[in-house]
Amino acid sequence: MMKNEAIKNGVIFPIGEKNDAYAQYFVGQSYLQGLVNDPAVNVGVGNVTFEPGCRNNWHIHHDGYQILLVTGGNGWYQEEGQPAQFLKAGDVVVTHDGVKHWHGATKDSWFTHVAITAGTPEWLAPVSDEIYNNLEA
């Protein structure tokens with residue numbers, strides 16, 4: 001049994017549907033529940049849930065930012081050229097405009113965060129298995 005498996009039932013917010021619209025930008029399975037559906041608000045707010053081992057590709061937010069509010073499980077956040085940060089419930093990450101980064105679950109735990117995102121994402125290459133598999137070594 002994987003750690004924090006109860007997350008698949010939702011923690012604070014519902015887990016949402018399989019994140020098929022963005023599946024090409026993830027390694028593994030993620031889920032997305034939009035939380036703010038007001039066209040007058042130019043900021044995306046979504047609950048993103050990652051199965052164990054799931055992570056998104058390297059990406060950059062142009063003309064904006066991303067704030068991650070970790071609500072459950074264990075995960076990773078890494079900016080290019082920096083060591084990966086271990087994440088747990090209650091952690092907050094702020095990614096500034098133009099910073100190349102990725103985030104996702106640890107190998108053995110479900111992981112969920114609320115992502116508050118402004119600007120335009122540029123999706124880049126997947127995080128290599130070599131980088132990912134050496135994080136907990």
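Residues numbered from 1 in each chain as written. Predicted model: local features only at pLDDT ≥ 70, side-chain atom pairs only at ≥ 80, totals over all residues. Heavy atoms only, no water.

For any pair of aromatic rings, the description rests on two quantities: the centre-to-centre distance and the angle between the ring planes. Enumeration over the complete set of coordinates arrives at nine aromatic pairs. Geometrically, the ring pair formed by Tyr22 and Tyr25 is tilted, given 6.3 Å between the ring centres and 50° between the ring planes. Residue Tyr22 is classed as partly exposed on the basis of its relative accessible area of 38%. Its relative accessible area of 24% is what places Tyr25 among the partly exposed residues. Through successive ring pairs, a cluster of aromatic residues spans Tyr22, Tyr25, Phe26, Phe50, Phe111 and Trp123. Here the basic side chain of Arg55 rests over the ring of Tyr132, its NZ or CZ set 4.1 Å away from the ring centre. Here the basic side chain of Lys100 rests over the ring of Trp58, its NZ or CZ set 5.5 Å away from the ring centre. (Phe/Tyr/Trp six-rings, centres within 6.5 Å; stacked < 30°, edge-to-face > 60°. Buried < 20%, exposed > 50% of the residue type's maximum accessible area, 1.4 Å probe, protein only. Lys NZ or Arg CZ within 6 Å of the ring centre and 35° of its normal.)

Looking now at the nonpolar core. Phe26, Val48, Phe50, Cys54, Leu68, Val70, Tyr77, Leu87, Val93, Ala105, Phe111 and Ala115 together form the largest nonpolar core, which totals 12 residues. Elements that contribute at least two residues to this core include exactly β4 (44-50), β6 (59-79) and β10 (111-123). The biggest single contributor to this core is β6, with three residues. In this structure, Phe26 is in contact with Asn19, Phe50, Cys54, Arg55, Asn56 and Asn57, ignoring residues within four places of it in sequence. In this structure, Trp58, Trp76, Tyr132 and Leu135 belong to the second largest nonpolar core, which totals six residues. (Core = buried A, V, L, I, M, F, W, Y, C linked by side-chain atoms within 4.5 Å. Helix = DSSP H or I, 4+ residues; strand = E, 2+ residues; numbered from the N terminus. Contact = heavy atoms within 4.5 Å.)

On to the pattern of salt bridges, then. Enumeration over the complete set of coordinates arrives at five salt bridges. Between Arg55 and Asp129 there is a salt bridge whose closest N-O contact spans 2.7 Å. On the criterion of sequence distance, the pair formed by Arg55 in strand β5 (residues 55-56) and Asp129 in helix α1 (residues 129-133) is long-range, its members being 74 residues apart. The class for Asp129 is partly exposed, based on a relative accessible area of 49%. The partner of Glu80 in a salt bridge is Lys100, and the shortest N-O contact between them spans 3.3 Å. Placement of Glu80 in the loop between β6 and β7 (85-88) and of Lys100 in the loop between β8 (92-95) and β9 (101-105) is noted, with a sequence separation of 20 residues between them. (Salt bridge = Lys/Arg side-chain N within 4 Å of Asp/Glu carboxyl O.)

One number sums up the size of the largest pocket: a volume of about 520 Å³. Every residue lining the largest pocket is counted, 26 residues in all, and those nearest its centre are Tyr22, Leu32, Gln66, Ala115 and Thr117. Contributing elements (two or more residues each) for the lining of the largest pocket: β3 (30-34), β4, β6 and β10. Tallied by class, residues from the lining of the largest pocket come to 12 nonpolar, 13 polar and one charged. (1 Å grid on protein atoms, 1.4 Å probe; cavity = no way out; pocket = protein on both sides within 12 Å on 5 of 7 lines; lining within 4 Å. Points joined across faces, edges and corners; volume = space filled by probe spheres on them. Nonpolar A, V, L, I, M, F, W, Y, C, P; charged D, E, K, R; others polar.)

Looking now at the side chain of Gln66. Residue placement: Gln66 occurs in strand β6. Within polar-contact distance, the side chain of Gln66 engages the side chain of His101 at 3.3 Å. A polar atom in the side chain of Gln66 sits 3.0 Å from the side chain of His103. With residues near it in sequence (within four places) discarded, Gln66 still touches His59, His61, Val93, Val94, Thr95, His101, His103, Ala115, Ile116 and Thr117. (Polar contact = N/O pair within 3.5 Å; in protein donor to acceptor, adjacent residues only side chain to side chain.)

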